[in-house]
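Remarks on the overall topology
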Amino acid sequence: MIRVNCIGVGHWGPNLVRNFVTAPETEVRTVCDLREERLRLIEARIPSIHKTSTDPDATVVDPEADAIVIATPVATHYELTKKALEAGKHVLVEKPLCESAAKGVELVELAEQVGKHLCVGHIFLFNNGVRGVRNLIRSGELGRLRYLFSTRTNLGPFRTDVNALWDLAAHDLSIFNYWLDSSPIAVTARGAAYLNGEVEDVVVASYTYPNGVLAHVHASWLNPRKVREITVVGEQKMVVWNDMDLNEPVRVYHKSVDIEREPVYSDSFGEFRMLIRNGDVVIPHIGGGEPLAAECRHFIDCVLGRSEPIISGREGVKVLLALEAADRSIRENSVVVPVFDRLKPNVLEEATISAT
Ligand SMILES: NC(=O)c1ccc[n+]([C@@H]2O[C@H](COP(=O)([O-])OP(=O)(O)OC[C@H]3O[C@@H](n4cnc5c(N)ncnc54)[C@H](O)[C@@H]3O)[C@@H](O)[C@H]2O)c1
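Computed from a prediction, not measured in an experiment: that's the story for all the values here.

Focus: the overall build of the protein chain
The number of helices and strands found in the protein chain is ten helices and 15 strands. The globule rule puts the C-alpha radius of gyration for 356 residues at 21 Å, and the 22 Å found for the protein chain is close to it. A burial count over the protein chain gives 43% of its 356 residues as buried. Of all intrachain contacts in the protein chain linking residues separated by at least 6 positions in sequence, the fraction that spans at least 24 positions is 67%.

Printed below as a string of structure tokens:
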């Protein structure tokens, strides 16, 4: 039995508690939050919890816990995760890993030193639609990828601790990295803080990945429509993943454009023609299942030594580096900012070479 302490039971934390309470290999010992009213609520909803606490410092070092699950605001992730790792616990911390890549690197190195797993809640890696699109990309069926375009919008929930990019695009970056098996080389971004003047509510960021693949994100909590959609454009086929469509989240468009070159007889438009291929739209079967349950199961498997994390701290740092670079671009009038992987100092050069 893995003994788990859960910290933070606001909007998201109760879902994690529920999953660790129902998993056969885990037992939730202590649930902690600074707010008594949240603890009373969770006690009423999940009576099997052993104990509640308003003391996060004691909860992370509790000798009765093997693993700590953290779903508190981003600014608290670093301190809580560091203390938990120093106390020899495995940690599953919500996304984004923490508020800076430098601190993220520190946590990854600490986890490696103490020999414990540090996992980050990049939940979309356990979404069956996202996994289905990854299989399509990897099979080569779409042809060479040209670009990705993600829209992640809604009216709220509003945050004041991080901007819309850190809150929402953290998901898209984890998906892009997973689909493309790489991380971005550079980014240009724009954002605006309409509501409180402090953090951007709307951000549009354009990332360059190796091999010239562009990946655009529109992240906003100031939008009338809840949209969770990514379009993937390949040379042979195109795909739309729509997470709001529970029954048919993936559509494969057998559409493409070929350029037919003609013998050069002048320097006018006649030199080439665009041939549009307009084929079927195929809706593959995508199985159901709760992504969070799969994420918790994966964490349990890692702790039990049955699996290596696909949501490791290293993956979390790659996302932080991409977020930080976009923040810098926003501050510096949308200048193109390189994304430098501090865990692998030569990755930027490698990626630049393969992109040219
Ligand atoms: N994976 C997902 O789809 C998903 C969805 C929503 C939120 N999240 C992530 O979960 C985390 C929490 O988000 P939320 O929406 O639940 O926030 P929230 O503000 O609703 O809840 C955070 C809770 O943490 C408590 N808290 C704050 N500081 C604490 C501390 N030091 N010790 C103990 N408790 C503390 C607060 O009292 C609050 O109840 C964030 O990192 C967010 O990005 C992930």
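Describing the domain arrangement of the protein chain
One can read the domain layout of the protein chain as domain 1 (2-123 + 292-311) and domain 2 (125-288 + 319-355). The gap between the C-alpha centroids of domain 1 and domain 2 is 30 Å. Facing 18 residues of domain 1, the contacting portion of domain 2 comprises 14 residues. For the side of domain 1 that touches domain 2, the secondary-structure elements that each account for two or more residues are α4 (74-86), α5 (101-114) and α8 (291-303).

Brief notes about the sheet that holds strand β3 (residues 51-53)
Sheet architecture is open: six strands sit in the order β3-β2-β1-β4-β5-β6, paired in parallel fashion. Of all strands in the sheet, those with a lone pairing partner are β3 and β6 (118-120), marking the two edges. Adjacent strand axes in the sheet meet at a mean angle of 20° when their direction is disregarded. In the packing of α4 onto the sheet, the strands contacted are β1 (2-7), β4 (67-70), β5 (90-93) and β6, and the crossing angle to β5 comes to about 165°.

As for α4
An ideal rise of 1.5 Å per residue puts 18 Å on 13 residues; α4 measures up with 19 Å between its terminal C-alpha atoms. Of the positions making up α4, those classed as buried are His 77, Leu 80, Thr 81, Ala 84 and Leu 85. Looking straight down α4, one finds its buried side chains confined to an arc of 125°; they lie on one side. In this structure, the buried side of α4 is in contact with β1, α3 (56-61), β4, β5, α5 and β6. Note on α4: the residue one or two positions beyond its end, Gly 88, has a positive phi of about 80°.

Reading the values: rules and limits
- Per-chain numbering applies: the sequence of each chain, read as written, is numbered from 1 onward.
- Totals for whole chains, interfaces and linings use all residues, but because this is a predicted model, local features are given only for residues with pLDDT of at least 70 and pairs of side-chain atoms are given and counted only at 80 or more.
- Helix numbering and strand numbering both begin at the N terminus, where a helix is a DSSP run of H or I of at least 4 residues and a strand a DSSP run of E of at least 2.
- Atoms counted for the radius of gyration: C-alpha only. Globule rule: 2.2 Å times the number of residues to the power 0.38.
- Put plainly, a residue is buried at 20 or more neighbouring C-beta atoms within 10 Å of its own, exposed at 12 or fewer, and partly exposed in between, counting only other residues' C-beta atoms, which are placed from the backbone.
- The contact criterion used is a C-beta to C-beta distance within 7 Å, with each C-beta placed from the backbone.
- Throughout, the edges of the domains are those of an automatic or database domain assignment.
- Note on pairing: two strands pair once DSSP finds at least 2 bridges between them.
- Axis definition: a line fitted to C-alpha atoms, limited for helices to the stretch in contact. Angles are taken between N-to-C directions and run from 0 to 180 degrees.
- The span one expects for a helix is its residue count, reduced by one, times 1.5 Å.
- Working note: the arc is built from the helix axis to C-beta atom directions.

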